[in-house]
Amino acid sequence: MPHPSPLILALETSCDETAVALCDGEGRMLASEVSTQIAEHMPYGGVVPEIASRNHMVRIRPLVERAMEVSGVSLREVDCFAATSGPGLASSLLVGSTVAKALALAHGKPFLAVNHLEGHLLSPFIGNADGLQPGIALIVSGGHTFLLHLRGPGDYLVLGRTRDDAAGEAFDKVAKMLGLPYPGGPELDKKARGGDPAAFDFPRSMLDSGDFAFSFSGLKTSMLYLLPQLGDTVAARMADLCASFQEAIVDVLVTKTLRAARSLNARNVSVSGGVSCNSRLREVFTERCRRARLDLFLAAPSLTTDNAAMIAFAALHRFRAGHRSELEEDINPNMPLVPLL
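This structure is a prediction, so every number in the text was calculated from the model and none was measured. Residue numbers here run from 1 along each chain, matching the order of that chain's written sequence. Where local features are concerned, this predicted model is filtered to residues with pLDDT of at least 70; where side-chain atom pairs are given and counted, the filter is 80 or more; whole-chain, interface and lining totals use all residues. The side-chain numbers reported here are obtained from all heavy atoms of the structure, hydrogens and water having been left aside.

1. Re a negative patch on the surface
To count toward a patch, a residue needs a relative accessible area over 30% and no salt bridge; like charges are then connected within 9 Å, while nonpolar side chains (Val, Leu, Ile, Met, Phe, Trp, Tyr) are connected within 5 Å. Values of accessible area rely on a 1.4 Å probe in the Shrake-Rupley scheme; residue burial ignores everything except the protein chains shown. Counted as salt bridges are all cases of a side-chain nitrogen of Lys or Arg within 4 Å of a carboxyl oxygen of Asp or Glu. His is not counted, nor are the chain ends, whereas Lys and Arg count as positive and Asp and Glu as negative. Taken as the charge location is NZ of Lys, CZ of Arg, CG of Asp or CD of Glu. Together, Glu326, Glu328, Glu329 and Asp330 give the surface a local cluster of negative charge. Here a helix means four or more residues in a row that DSSP labels H or I, a strand means two or more in a row labelled E, and each is numbered from the N terminus. Looking at the secondary structure, you find Glu326 in the segment after helix H10 (309-320).

Okay, structure coming up:
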């Protein structure tokens, strides 16, 4: 039985995950393959762009072949080829974009350049029977912290963003200060589960700033100044340190998101990006949205980190709206989600 059209094949290589996904015209994922490079970058404590791009080149073809095998669809049946074109690491973006363009050219099909952030933004609605729901959307990751008004496909208003470090960046940098292994954010989350979130009073920067902007650099600095004061007791207080630091970030993210929902009379809240996999963030959002009688849409854990399913889903909405990209269109490592903002 044929799948509902259009069939979208999407490639994601914006950082250190190589990913390929195929979705049908109803937004169902027929295949979603991800190859992570955590082991390759772990010795360096972070992503090395040259290593990332080299690994993308080696892994992308087997992943495309695997996606075709899993889905039972041939490349000639694909209606559109899409790839993340920004933001991200230039050398990594080029791999996925070039392969998608080559496939589009070889098969005489359209190509779509997709914004990585739009993929995250729409990811909580993958598999939702009612499709996209307008409301307040929080994108929170290692490189980005955005609060937006999602009004419909392609219709987004930025309400606020971080003025310095992204929330995920703060998690990762503090995890490194504490000597936790790479990737630091998930490790800090694990350590925090046995700690007291009220043990240390970390600052809630810009909590009452009167707008929807964020700042996390001061929180990171407060940890930097606290550690020498604790001396040899840091290891014994590790769980409390992680839980208290995490609580400060979670408190600001949840409070400002819910304030935005009240301000705009929104009934729906969506949360996406790598940090949305944090167990405490999901727990607090769930409880506070329940109390506020707001409908909460959390990206599935498998869709919080970089993946191609979200790129295919975003491409599907762009394709339906009549968008197409030129093969000459270049990648943009600093591609904005909303132009001029």
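2. Quick look at the side chain of Asn115
Mapped onto the fold, Asn115 is located in strand S5 (residues 111-115). Classification of Asn115 by relative accessible area gives buried; the value is 7%. Of note is the side chain of Asn115, whose polar atom sits 2.9 Å from the backbone oxygen of Pro336. Apart from the residues lying within four places of it in its own chain, the contact partners of Asn115 are Gly86, Pro87, Ile311, Met335, Pro336 and Leu337. Throughout this description, buried means an accessible area under 20% of the type-specific maximum (1.4 Å probe, protein chains only), exposed means over 50%, and partly exposed covers the range between. Here a polar contact means two N or O atoms within 3.5 Å. Within protein one must be a hydrogen donor candidate and the other an acceptor candidate, and residues neighboring in sequence count only if both atoms are side-chain atoms. In this analysis, two residues are considered to be in contact whenever any of their non-hydrogen atoms come within 4.5 Å of each other.

3. Quick notes on the nonpolar core
Buried Ala, Val, Leu, Ile, Met, Phe, Trp, Tyr and Cys residues that are joined via side-chain atoms within 4.5 Å together make up what is termed a nonpolar core. Residues Leu178, Leu241 and Phe245 are the most contacted members of the largest nonpolar core, which totals 48 residues. Every element with two or more residues in this core is listed here: strand S6 (135-140), helix H5 (167-177), helix H6 (184-192), helix H7 (217-230), helix H8 (238-263), strand S9 (268-272) and helix H9 (279-291). With 14 residues, H8 is the single largest residue contributor to this core. Formed by 36 residues, the second largest nonpolar core is a distinct cluster that contains Leu121, Ala308, Phe313 and Leu337.

4. What to know about the pattern of salt bridges
Opposite charge on two side chains lets them pair, provided their charged atoms get close. Applying the stated criterion across every chain, the model contains 23 salt bridges. Close ionic contact of Glu69 with Arg66 constitutes a salt bridge, the shortest N to O distance being 3.8 Å. A residue pair is termed a helical-turn pair when its members lie 3 or 4 positions apart in one helix, as Glu69 and Arg66 do in helix H2 (residues 49-71) at three residues. Overlapping salt bridges, with partners in common, bring together Asp165, Glu169, Lys173 and Lys220 in one network.

5. Observations concerning the pairing of strand S3 (residues 29-35)
Taken residue by residue, a regular strand's side chains alternate between the two faces of the sheet. If DSSP finds at least two bridges between two strands, the strands pair. Sheet topology places strand S2 (residues 18-23) next to S3; six bridges connect them, and they run antiparallel. Its bridge partner lying in S3, Thr18 is registered against Ser35. Counted along the chain from S2 to the antiparallel partner S3, the turn is five residues long, and its residue Gly27 has a positive phi close to 80°.

6. Considerations on the sheet that holds S9
With respect to topology, five strands assemble into an open sheet ordered S8-S7-S6-S9-S10, the strand pairing being mixed. Across the chains shown, the open sheet's two edge strands, defined by having one partner strand only, are strand S8 (155-161) and strand S10 (295-298). Put simply, the sheet's adjacent strands are angled 20° from each other on average, direction ignored. Here H9 sits on the sheet and contacts S6, S9 and S10; the angle it forms with S10, its principal contact strand, is near 160°. Every angle, taken between N-to-C directions, lies between 0 and 180 degrees, and every axis is a line fitted to C-alpha atoms, over only the stretch in contact when it is a helix.

7. What to know about the sheet that holds strand S4 (residues 80-86)
Pairing between the strands of a sheet comes from backbone hydrogen bonds, and it takes one of two forms, parallel or antiparallel. Here we have five strands laid out as an open sheet, ordered S3-S2-S1-S4-S5, and mixed in their pairing. Of all strands in the sheet, those with a lone pairing partner are S3 and S5, marking the two edges. Across the sheet, the mean angle separating the axes of adjacent strands is 20° when strand polarity is ignored. For strand S1 (residues 8-12) and S4, the ladder comprises four bridges, and the chain directions are parallel. Within S4, the position partnered with Leu9 by the bridge is Phe81. Running at roughly 25° to S2, H2 makes contact with S1, S2 and S3 of the sheet. Of the strands in this sheet, S1, S4 and S5 are in contact with helix H3 (residues 90-107), which crosses S4 at around 160°.

8. Considerations on the packing of H2 against H3
At a closest axis distance of 8 Å, the pairing of H2 and H3 adopts a crossing angle of 20°. Considering their axes alone, H2 and H3 lie roughly parallel with respect to each other. By crossing handedness, the relation of H2 to H3 is classed as right-handed. Where H2 approaches H3, its residues Pro49, Ala52, Ser53, His56, Met57 and Ile60 are matched on the opposing element by Ser91, Ser92, Val95 and Val99. Any residue that is not Ala, Val, Leu, Ile, Met, Phe, Trp, Tyr, Cys, Pro, Asp, Glu, Lys or Arg is counted as polar, Gly included; the first ten are nonpolar and the last four charged. Residues belonging to the contact of H2 with H3 are distributed by class as follows: six nonpolar, four polar and no charged. Relative orientations are named as follows: roughly parallel for angles under 35 degrees, roughly antiparallel for angles over 145 degrees, roughly perpendicular for angles from 65 to 115 degrees, and oblique for any other angle. Whether a crossing is left-handed or right-handed is set by the direction in which the near helix is turned from the far one by less than a right angle, anticlockwise for left-handed and clockwise for right-handed.

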